[in-house]
Amino acid sequence: MEPRIRPHLSSSNRASASDRSPGWRPSAAIRISLWLHAAILAALPVFPNSWAWLLSILLGDHLVLALAGLWPKSALLGPNLARLPWAPARNGLVVLTFDDGPDPEVTPAILDLLDSHGAKASFFCVGKQAQGHGALVREIIRRGHSVENHSFRHSNLFACYPLGALQREIQRAQSAIAASSGTAPRFFRAPMGFRNPFLDPALARSGLRYVSWTRRAFDTACRKPETVLRRLIRNLCEGDILLLHDGNSARTAEGKPVSVQVLSTLLPILDARGLRAVSLPMAMGNEPGSGAP
Ligand SMILES: [Zn+2]
C-alpha cells in the first residue's frame, strides 16, 4: 500500500536539518508576554487606580502560558518538533521513539525486534537510568539507533522548575548519557511532555532541540496491546513521530511488556504500508541513511 502524503506543515515542524544554533530567540507568545510585563510595570504608576485590571491582564497572560505548557504539541513556548518536516516525510519516513529507559528487560527485546525489521529508532533516556545501565546505552548506539535526553531524574515537578534547575537537570542528563554512549544527545523531550517558559532558553543554552510526538501509545497505563496499537496506527502516515516506552512499560495480563507486544505487530504494519522507521538524526539529516536531502 502506498503511504498517504500529508503536505501540511505546521509552525511547530518547520525545522531545519541542522542542530539548534546557539542563542535563545523567544517565541512570539513569549515576546508578547515580556512586552506586556514591561508595559504594565510602566502603566502602574500612571494609572494606580487600575491596578486590579492591569493585574488581571497579567494573570490572563500567565494562564495562557501555563496552558500552553500542559499541551505537549504546542509551539507557543518555543520550537517543537511534533512531526517530521516535509522533505523526510515525503520519503516515507516515520520516527519511533522510546522513553524512560534504558530498561534491562524491555530495551534488549525492543532492540532485537527493531533489528529483525531493519528499523531504527530514537531512545529518550533518563540520565539516571543511563548512568546505571551504561552497557545498554552503548548497545543502543552500536545497533545504529540514537540516544536522546529525557531529563536526569524524570521528576513529576519538572515543569515547575526555575531556569537554573532546568539547566542543571538537562546538563546532568546530557553529561551522563554522553559519558555512557560517547555521543551527546541532540534532542530533548520533557517528562510527560509538560513544559514551562524557561525550558526553551535552557535548551538553547545546551544546543538541544525540543521534540514531542504526533501519536502517543499510552503504553505505560494501558494493559491491552490491541488498544495501544489502534491508537498508533489510526491515520498513521509518513512524517509521524510515535511515542512508546521501553521504561515503565505496562504489563499485559500475562505479565509481558505491552510496548514489546505492540512493536511486534506495529513493525510489520509499517513494512506493509511502505513506511521506513528511522531515528531522529537520520530523519533530520547529518546521519548515514538519512532520508533528508
Ligand atoms: Zn517519560
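Shown above is the structure to which this text applies.
Residues numbered from 1 in each chain as written. Predicted model: local features only at pLDDT ≥ 70, side-chain atom pairs only at ≥ 80, totals over all residues.

## Side note on the overall build of the protein
Okay, so step 1: A count of helices and strands for the protein gives 11 helices and 8 strands.
Okay, so step 2: Expressed as a percentage of the 293 residues in the protein, the buried residues total 44%.
Okay, so step 3: Pairs at least 24 apart in sequence give 77% of the contacts found in the protein among residues at least 6 apart. (Helix = DSSP H or I, 4+ residues; strand = E, 2+ residues; numbered from the N terminus. Buried ≥ 20, exposed ≤ 12 C-beta atoms within 10 Å, placed from the backbone. Contact = placed C-beta atoms within 7 Å.)

## Some words on the packing of helix H1 (residues 28–43) against helix H2 (residues 51–70)
What describes two packed helices is the angle between their axes and the distance between those same axes.
Okay, so step 1: Between H1 and H2, the shortest axis-to-axis distance is 10 Å and the interhelical angle comes to 165 degrees. Our classification of the angle between H1 and H2 gives roughly antiparallel. Here the hand of the crossing between H1 and H2 comes out left-handed. Mapping the contact onto sequence places Ala-29, Ser-33, Leu-36, His-37, Ile-40 and Ala-43 in H1 and Leu-54, Ile-57, Leu-58, Asp-61, Leu-65 and Ala-68 in H2.
Okay, so step 2: In the contact of H1 with H2, the residues fall into 9 nonpolar, 2 polar and 1 charged. (Axes fitted to C-alpha atoms, helices over the stretch in contact; angles between N-to-C directions. Parallel < 35°, antiparallel > 145°, perpendicular 65-115°, else oblique. Left-handed = near helix turned anticlockwise from the far one by under 90°. Nonpolar A, V, L, I, M, F, W, Y, C, P; charged D, E, K, R; others polar.)

## Concerning the nonpolar core
Okay, so step 1: Membership of the largest hydrophobic core comes to 67 residues, with the highest contact counts inside it found for Val-95, Leu-96 and Leu-242.
Okay, so step 2: Here this core takes 6 residues from helix H10 (residues 258–272), the largest share from any one element.
Okay, so step 3: Excluding residues within four positions of it along the chain, Leu-242 makes contact with Val-94, Val-95, Leu-96, Thr-97, Trp-213, Thr-214, Arg-215 and Leu-232. (Core = buried A, V, L, I, M, F, W, Y, C linked by C-beta atoms within 7 Å.)

## What about the packing of helix H6 (residues 134–142) against helix H7 (residues 163–181)?
Okay, so step 1: Two numbers describe how H6 lies on H7: the axes approach to 8 Å, and their chain directions differ by 75 degrees. Between H6 and H7, the interaxial angle falls into the category roughly perpendicular. Here H6 contributes Gly-134, Val-137, Arg-138 and Ile-141 to the contact with H7, which in turn contributes Ile-177, Ser-180 and Ser-181.
Okay, so step 2: A breakdown of the residues in the contact of H6 with H7 according to their chemical character gives 3 nonpolar, 3 polar and 1 charged.

## A closer look at the pairing of strand S2 (residues 121–125)
Okay, so step 1: The element S2 is largely enclosed, with a buried count of 5 among its 5 residues.
Okay, so step 2: Here S2 shows no split at all, with Ala-121, Phe-123 and Cys-125 on one side and Ser-122 and Phe-124 on the other all buried.
Okay, so step 3: Pairing analysis gives 4 bridges linking strand S1 (residues 93–99) to S2, with the strands arranged parallel. In the strand pairing of S2, Phe-98 is matched with Phe-123.
Okay, so step 4: Crossover S1 to S2 through helix H4 (residues 106–116) is right-handed.
Okay, so step 5: Relative to strand S3 (residues 146–149), S2 runs parallel, the two being bridged by 4 bridges. Looking across to S3, one finds that Cys-125 is bridged to Asn-149. (Pairing = 2+ DSSP bridges. Right-handed = clockwise from strand over helix to strand, strands pointing away.)

## Re the environment of Asn-248
Okay, so step 1: With respect to the secondary-structure elements, Asn-248 resides in the loop between strand S7 (241–245) and H10.
Okay, so step 2: Classification of Asn-248 by C-beta neighbours within 10 Å gives partly exposed; the count is 17.
Okay, so step 3: C-alpha separation for the pair Asn-248 and Ala-221, spaced 27 residues apart in sequence, amounts to 9.0 Å.
Okay, so step 4: Not counting the four nearest positions on each side in its chain, Asn-248 is found in contact with Asp-100 and Thr-220.

## What about helix H8 (residues 199–206)?
Okay, so step 1: Judged by how many residues are buried, H8 sits mostly within the fold: 6 of 8 residues are covered.
Okay, so step 2: Considering only its buried residues, H8 is in contact with H7, strand S4 (187–188) and strand S5 (209–210).

## Points about unusual backbone geometry
Okay, so step 1: Geometrically, the link from Gly-101 to Pro-102 is a cis peptide bond, its omega value of 0 degrees lying close to zero.
Okay, so step 2: Mapped onto the elements of the fold, Pro-102 is located in the loop between S1 and H4.
Okay, so step 3: Of note, Met-192 is a non-glycine position whose phi angle comes to about 65 degrees, a positive value.
Okay, so step 4: Along the chain, Met-192 turns up in the loop between S4 and H8.
Okay, so step 5: On the basis of neighbour count, Met-192 is assigned to the partly exposed category, with 14 C-beta atoms found within 10 Å.
Okay, so step 6: Backbone geometry places Asn-235, a non-glycine residue, at a positive phi of 65 degrees.
Okay, so step 7: Structurally, Asn-235 can be placed in the loop between helix H9 (225–233) and S7.

## What about H4?
Okay, so step 1: Among the residues making up H4, those that are buried are Val-106, Thr-107, Ile-110, Leu-111 and Leu-114. The arc that holds every buried residue of H4, seen down its axis, measures 130 degrees, which confines them to one face. Exposed residues pointing more than 90 degrees away from the buried face of H4 are listed as Asp-112 and Ser-116.
Okay, so step 2: Buried residues along H4 sit against S1, S2, H6 and H10.
Okay, so step 3: A positive phi of about 60 degrees marks Gly-118, the residue just after H4. (Arc of directions from axis to C-beta.)

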